[in-house]
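What follows is each chain in one-letter form.
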Amino acid sequence: MGLKTALYDTHILQGAKIVDFGGWEMPLHYGSQIEEHHAVRRDAGMFDVSHMGVIDLEGDRVRDFLRRLLANDVGRLTTPGKALYSCMLLPGGGVIDDLIVYFISDTRFRVVVNAGTRDKDLAWISRHAADFAVTVALQRDLAMIAIQGPNARDKTLPLLAPALRGSAGALAPFCGAAFDSWFVARTGYTGEDGFEVMMPADEAAKTWNALRAQGIQPAGLGARDTLRLEAGMNLYGNDMDEQHHPLESGLAWTVAFEPGGRDFIGRTALEGLRGAAGNRLVGLILEERGVLRSHQKVVVAVTARDGAAGDPAAPPRADATAPRTGEVTSGTFSPTMNRSIALARVPSGAASSVQVEIRGKMHAARIVKPPFVRHGKVLIPV
Amino acid sequence: MSNIPSDLRYTKSHEWVRREQNGTVAIGISDHAQSALGDLVFVEVPDVGRAVSAGEACAVVESVKAASDVYSPVSGKVIAGNAALAAQPELLNQDPYGAGWLFRVQTNSPADEAALMSAADYANYLADSAK
């Protein structure tokens, strides 16, 4: 039997189809994954994300510790409650996990990590925290519900404790507010506005049912995946992992090379990879019928001078148009666009028209810049 | 409990077969199969005229979750594919035994069909698989 969140029995009562996810028994959907997807884009849906790891870090040198541990720079966080998305890297640059870190106070930060990587993350964090005398505490007694969609905040606010309602309602995007054991952040993984609400596990079922009574649609991991992919957001284990560094995973924007003196784990390796041709993560839209799936082969023509490292004055390489291959890292059917979309890792400089092999046949696809959908609007012409 | 019409025959891979006139059969996937797959978003049916063998993969159904092959339960020649599914793959979820049929085959081996499960046997098979 897998691990269960505080909401497991509630999910069963509400008709969830349960699947294993990173060792947890989680809802895949409650009937129709596509309807749940549309509910989030058009109104409001909610996800049980209690399987994610909430880790509190405390100590006088906690900020110094995180500036060493994370590729993004918590030095950018100056207002309590402000959040930052970052990768945590191996010395060689491979991604151990992606996470969100919240600045609570000068001596306390909160980190939210993926469920499937929680144990290795804890081990890695604890190992490095010792040098900074930072304590590491996994918050096992918290549940977390993500409420997402254009009406998510309006439907959630009335249910919060009065002492939290005002500060939660005033939150800017990517900021959080705390009250007692509750923590509300204006964050998410769908490309829509909304909250992620952490609360004591024994209050989760009551809260979930109250949110449902507000007309918020329960949604499972299936819709969570199609929503995040439309939003152009990476999934750990698919789009980046320990074998792939942020610069070839569409995550260069999360690596803070400035200030130059900050010696974060993985920095030396990434500096060596900066500007190298290598691969990059791109969006794909399938031009034909069918569905893109992870691990499908992508055949590309590299027409540029082999990517960013090329000297603009140099003549094109002799093999400049030789077909090369990449791979779909996440693919799905987009319910909002009614087309198949994907993220794929392809050689730098690939021409925008590509071919994807689906069950032995080649299908035309086009490289685009994610996100595909944000705030209910399709951003890529189909 | 899933719907299992008594006038059809079934395979362990969850196809159904309906006997029609003149040695032709219609083929689709069961209510159990469509429910397990979830919302279907893409269906590929075999070309008319294609010769198929019993057990051969000849159609593909894809849900938001995954792609699955559909195996012809009988040998023969494909005489029709359900063209409506290209634009409306959800017909397969809504009406798996009716508007969601996949293809029709002119059989040349009646024994194939006789070897398939009855509705009662398929119900037992599903119950056993769920244990």
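Along each chain, numbering runs from 1 in the same order as the chain's sequence is written. As a convention, the first chain written is A and the first ligand written is 1, with the rest following in written order. Only residues with pLDDT of at least 70 are given local features in this predicted model, and only at 80 or more are side-chain atom pairs given and counted; all residues enter the totals for whole chains, interfaces and linings.

Chemist: Teacher, can you tell me more about the overall build of chain A here?
Modeler: Only DSSP runs of H or I with at least four residues qualify as helices, and only runs of E with at least two residues qualify as strands; both kinds are numbered from the N terminus onward. Within chain A, the regular secondary structure consists of nine helices and 21 strands. Considered along the principal axes of its C-alpha atoms, chain A spans approximately 65 × 50 × 40 Å. The contacts in chain A between residues at least 6 apart in sequence include a share of 71% that link residues at least 24 apart. We call two residues in contact when their backbone-placed C-beta atoms lie within 7 Å.

Chemist: Is there a simple way to explain the interface of chain B and chain A in this structure?
Modeler: How big an interface is tends to be stated in terms of the accessible area lost upon association of its parts. At the interface, 10 residues of chain B touch 13 residues of chain A. Breaking the side of chain B that touches chain A down by element, the ones donating at least two residues are β4 (40-44) and β6 (57-63) of chain B. Taken together, the residues that form the side of chain B that touches chain A break down as six nonpolar, one polar and three charged. Residue polarity follows a fixed list, in which Ala, Val, Leu, Ile, Met, Phe, Trp, Tyr, Cys and Pro are nonpolar, Asp, Glu, Lys and Arg are charged, and the others, Gly among them, are polar.

Chemist: What should I look at first to understand the sheet that holds strand β12 (residues 194-200) of chain A in this one?
Modeler: Where strands meet in a sheet, backbone hydrogen bonds hold them as pairs that are either parallel or antiparallel. All names here are of chain A. In this analysis, strands are considered paired if DSSP registers two or more bridges between them. Spatially, β10-β11-β12-β9-β3-β13 is the arrangement adopted by the six strands of the open sheet, whose pairing is mixed. Of all strands in the sheet, those with a lone pairing partner are β10 (176-179) and β13 (217-218), marking the two edges. Both strand β11 (residues 182-185) and β12 contribute to a ladder of three bridges, which runs antiparallel. When the sheet's bridge partners are listed, Val-184 is paired in β12 with Val-197. Its contacts with the sheet put helix α2 (residues 33-42) on β3 (45-48), β9 (142-148) and β13, and the angle it makes with β3 is roughly 115°. Working convention: axes come from line fits to C-alpha atoms, limited for helices to the stretch in contact. Angles between N-to-C directions cover 0 to 180 degrees.

Chemist: Explanation requested: the environment of Val-112 of chain A in the structure shown.
Modeler: Residues and elements named next belong to chain A. Structurally, Val-112 can be placed in strand β7 (residues 108-113). Take Val-112: there are 21 C-beta atoms within 10 Å of it, and that puts it in the buried class. In this structure the C-alpha to C-alpha distance between Val-112 and Gly-53, which are 59 residues apart in sequence, comes to 5.5 Å. Filtering out sequence-adjacent residues up to four positions away, Val-112 remains in contact with Met-52, Gly-53, Val-54, Leu-99 and Ile-100. With C-beta atoms placed from the backbone, a residue is buried if 20 or more other C-beta atoms are within 10 Å of its own, exposed if 12 or fewer are, and partly exposed between those counts.

Chemist: What should I look at first to understand helix α5 (residues 119-130) of chain B in this one?
Modeler: Note: α-helices contain 3.6 residues per turn, so residues at a spacing of three or four share the same orientation. With 12 residues, α5 of chain B should cover 16 Å at 1.5 Å per step; its first-to-last C-alpha distance of 17 Å lies within 8% of that length. Of all 12 residues in α5 of chain B, one are buried; the element is thus mostly exposed. Expected span of a helix: the number of residues minus one, times 1.5 Å.

Chemist: How should I be thinking about the confidence of the model for chain B in this particular structure?
Modeler: pLDDT measures the predictor's confidence residue by residue and takes values from 0 up to 100. For chain B, the average pLDDT comes to 93, and 99% of its residues sit at 70 or higher. Two summary scores accompany this predicted model of the complex, namely pTM at 0.91 and ipTM at 0.81.

Chemist: Got a minute to help me understand the sheet that holds strand β3 (residues 24-29) of chain B in this structure?
Modeler: All names here are of chain B. The six strands lie next to each other as β1-β2-β3-β9-β8-β5, forming an open sheet whose pairing is antiparallel. Two strands in the sheet have a free side with no partner beyond their single neighbour: β1 (9-10) and β5 (51-52). Note: β3 against strand β9 (residues 103-107), four bridges, orientation antiparallel. From the neighbouring strand, Ala-26 faces β9, where its bridge partner is Arg-104.

Chemist: I tried to follow the pairing of strand β19 (residues 361-368) of chain A on my own but got confused; where do I start?
Modeler: Looking down a regular strand, the side chains alternate between one sheet face and the other. Residue and element names in this part refer to chain A. The pairing of strand β14 (residues 279-286) with β19 spans four bridges and is classified as antiparallel. Its bridge partner lying in β19, Leu-286 is registered against Ala-365. By the bridge criterion, six bridges tie strand β18 (residues 353-358) to β19 in an arrangement that is antiparallel. The residue of β19 that forms the bridge with Ser-353 is Arg-366. Once β18 ends, the chain turns through two residues before running back antiparallel as β19, passing Arg-359 with a positive phi of about 50°.

Chemist: Hey, could you run me through the pairing of β12 of chain A in this one?
Modeler: Residues and elements named next belong to chain A. Where burial is concerned, most of β12 is hidden: six out of the seven residues are buried. Alignment of β9 against β12, held across seven bridges, turns out to be antiparallel. Residue Ile-147 lies in a different strand from β12, and its bridge partner there is Phe-195.

Chemist: I tried to follow helix α4 (residues 118-129) of chain A on my own but got confused; where do I start?
Modeler: Residues and elements named next belong to chain A. With 12 residues, α4 should cover 16 Å at 1.5 Å per step; its first-to-last C-alpha distance of 16 Å lies within 8% of that length. What α4 keeps buried is the set Arg-118, Asp-121, Ile-125 and Ala-129. Each buried residue of α4 lies within a common arc of 60° when the element is viewed along its axis, so the set occupies one face. Every exposed residue of α4 that faces more than 90 degrees away from the buried side is listed here: Ala-123 and Arg-127. The inward-facing, buried residues of α4 contact β4 (53-58), α3 (62-69), β6 (95-105), β7 and β8 (135-138). Directions pointing from the helix axis toward each C-beta atom define the arc.

Chemist: Is there a simple way to think about unusual backbone geometry in this case?
Modeler: Residues other than glycine predominantly adopt negative phi, and peptide bonds predominantly adopt the trans conformation. Put simply, Glu-258 of chain A and Pro-259 of chain A share a cis peptide bond, and its omega is 0°. Residues other than glycine seldom take positive phi values, yet His-375 of chain A does so here, at roughly 50°. Relative to the helices and strands, His-375 of chain A resides in the loop between β20 (373-374) and β21 (377-378). The class for His-375 of chain A is exposed, based on 12 C-beta atoms found within 10 Å. Look at Asn-22 of chain B: it is not a glycine, yet its phi comes out positive at around 55°. Among the structural elements, Asn-22 of chain B can be located in the loop between β2 (15-19) and β3. Judged by the 6 C-beta atoms lying within 10 Å of it, Asn-22 of chain B falls in the exposed class.

Chemist: Help me understand the packing of α2 of chain A against helix α8 (residues 221-230) of chain A, please; the structure alone is not making it clear to me.
Modeler: Relative placement of two packed helices is described by the angle separating their axes and the distance separating the axes. All names here are of chain A. Their axes nearest at 8 Å, the elements α2 and α8 cross at an angle of 55°. As summarised for this structure, α2 and α8 are arranged oblique, according to the angle between their axes. Remark: the crossing between α2 and α8 carries right-handed chirality. Of the residues in α8, those touching α2 at Gln-33, Glu-36, His-37 and Val-40 are Gly-222, Ala-223, Thr-226 and Leu-227. If an angle is under 35 degrees, it is roughly parallel; if it is over 145, roughly antiparallel; if it lies from 65 to 115, roughly perpendicular; otherwise it is oblique. Should the near helix be turned anticlockwise from the far one by less than a right angle, the crossing is termed left-handed; should it be turned clockwise, right-handed.

Chemist: Got a minute to help me understand the environment of Phe-103 of chain A in this structure?
Modeler: Residue and element names in this part refer to chain A. For Phe-103, the position within the fold is in strand β6. Judged by local crowding, Phe-103 falls into the buried class, with 23 C-beta atoms found within 10 Å. For Phe-103 and Ala-152, which are 49 residues apart along the polypeptide, the C-alpha to C-alpha distance reads 24 Å. Not counting chain neighbours up to four residues away, the residues in contact with Phe-103 comprise Val-74, Leu-77, Pro-80, Gly-81, Lys-82 and Phe-109.

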